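As a plain string of letters, each chain reads:
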Amino acid sequence: MNATALLTFKAHLHAALDAQPAETRRLFHGRGRRWPGLEQLTADWLDGQLLVSLFREPSPEFLNELQQLLAELIASPVWRHSGARSLLLQHRSREGSPLEVLWGEFDASPVVREHELNYQLTLGRNQNHGLFLDMRLGRQWVRAQAEGKRVLNLFAYTCGFSVAAIAGGAERVVNLDMAKSSLARGRDNHRLNHHDLDRVGFLGHELFKSWGKVRKLGPYELIIIDPPSFQKGSFALTRDYAKILRRLPELLIPQGTVLACVNDPDLDSRFLIDGMAEQAPALRFVERLDNPPEFADIDPEAGLKALVFALG
């Protein structure tokens, strides 16, 4: 990380805050490697809280310069006019991903908005706060596709896709994730949006031990697969994704649709396209969804890959 490059970071922050973001957004994505020296730095607007994250331990000089820049930002007119309530710095490479409150009143459980939907976040306890911002357009796509459909949401996490699907008129959504605490937060997210919970199911199970239950609740018109790269004791992307793909035809109705995702920078779109062709050849590749422009990367294949497949 390069301290002199922080002038670029400052310019981006000032421009983004001057525009007064109306909803939760990433304001700076250094991990897209478009700005040398800032590859391990991001900034997210969480509806009034600015969260700056360091993904690698910086040099003392860089950290010093960054803290000075943020102190100057707090004193600037653009900050006062932005409506900001707090400024946070997260050290994601340190044990426990500690979070510093640099200014303002910290809200550890904020409710944020994206595309007019509400989501509850949790700040300061985990690396991830509960909503992956690079999947913004994926959630928008699901909402547009969901009307009248039965949806299966695998690796549901806090059920962002489920919220979008019910908002789009889905008949029913089945969410599966082995982390019951994440599903509990997903239930809260639906309540925040005044959704009918009778149309939403929550399965706190390990997927590969639950195929019978998942199949019994189907078939589905839309299946969403958005796994972690690695989940200790239960899932490894390169080993286990194929096991899911080969099961898809038995879970889908004819002409059913799959949104399959992977966010490992070392795996490109061919991982899913070739994997589907080998494991479930009845499913054809339709399109890759765009990533939000704020997540631009010098190598598009290094960022999020969200691919649509159709049966028949």
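Quick caveat, the model's predicted, so the values are computed rather than measured.

1. Considerations on the side chain of Thr-122
Right, so step 1: Within the secondary structure, Thr-122 sits in the loop between strand 7 (117-120) and helix 4 (136-145).
Right, so step 2: Thr-122 sits in the buried class, given a relative accessible area of 9%.
Right, so step 3: A polar side-chain atom of Thr-122 sits 2.5 Å from a polar atom in the side chain of Arg-185.
Right, so step 4: Other than its neighbours up to four places away in sequence, Thr-122 contacts Ala-108, Asn-128, His-129 and Arg-185.

2. What to know about the pairing of strand 7
Right, so step 1: Side chains Leu-117 and Tyr-119 project from strand 7 onto one buried face, and the interleaved Asn-118 and Gln-120 project onto a second face that is buried too.
Right, so step 2: Sheet topology note: the strand 6 (residues 111-114)/strand 7 ladder contains four bridges and is antiparallel. Residue Val-112 lies in a different strand from strand 7, and its bridge partner there is Tyr-119.
Right, so step 3: What sits between strand 6 and strand 7 in their antiparallel hairpin is a turn of two residues, with His-115 showing a positive phi close to 50 degrees.

3. Quick word on the packing of helix 8 (residues 237-245) against helix 10 (residues 269-279)
Right, so step 1: At their nearest, the axes of helix 8 and helix 10 sit 9 Å apart, and the two run at 45 degrees to each other. Overall, the two elements helix 8 and helix 10 adopt an arrangement that is oblique. The hand of the helix 8/helix 10 crossing is right-handed. When helix 8 is examined against helix 10, the residues Leu-237, Thr-238, Tyr-241, Ala-242 and Leu-245 are found in contact with a partner set consisting of Phe-271, Leu-272, Gly-275, Met-276 and Gln-279.
Right, so step 2: Taken together, the residues of the contact of helix 8 with helix 10 break down into seven nonpolar, three polar and no charged.

4. Observations concerning helix 10
Right, so step 1: Burial in helix 10 covers these residues: Ser-269, Leu-272, Ile-273, Gly-275 and Met-276. Take helix 10 and look down its axis: the buried residues cluster within an arc of 165 degrees, on one side only.
Right, so step 2: On its buried face, helix 10 sits against helix 8, helix 9 (248-251), strand 14 (252-262), strand 15 (283-288) and strand 16 (305-311).
Right, so step 3: Capping of helix 10 at its N-terminal end is provided by Asp-268; its side-chain oxygen lies 3.0 Å from the backbone amide nitrogen of Arg-270.

5. Focus: the pairing of strand 10 (residues 200-203)
Right, so step 1: Residues Val-200 and Phe-202 line one face of strand 10 and the alternating positions Gly-201 and Leu-203 line the opposite face, and both faces are buried.
Right, so step 2: In terms of strand pairing, strand 9 (residues 172-176) meets strand 10 through four bridges, oriented parallel. Bridged to Asn-175 within strand 10 is Phe-202.
Right, so step 3: In this fold, the crossover linking strand 9 to strand 10 by way of helix 6 (residues 180-192) has right-handed handedness.

Definitions and limits used
Residues numbered from 1 in each chain as written. Predicted model: local features only at pLDDT ≥ 70, side-chain atom pairs only at ≥ 80, totals over all residues. Heavy atoms only, no water. Helix = DSSP H or I, 4+ residues; strand = E, 2+ residues; numbered from the N terminus. Buried < 20%, exposed > 50% of the residue type's maximum accessible area, 1.4 Å probe, protein only. Polar contact = N/O pair within 3.5 Å; in protein donor to acceptor, adjacent residues only side chain to side chain. Contact = heavy atoms within 4.5 Å. Pairing = 2+ DSSP bridges. Axes fitted to C-alpha atoms, helices over the stretch in contact; angles between N-to-C directions. Parallel < 35°, antiparallel > 145°, perpendicular 65-115°, else oblique. Left-handed = near helix turned anticlockwise from the far one by under 90°. Nonpolar A, V, L, I, M, F, W, Y, C, P; charged D, E, K, R; others polar. Arc of directions from axis to C-beta. Right-handed = clockwise from strand over helix to strand, strands pointing away.

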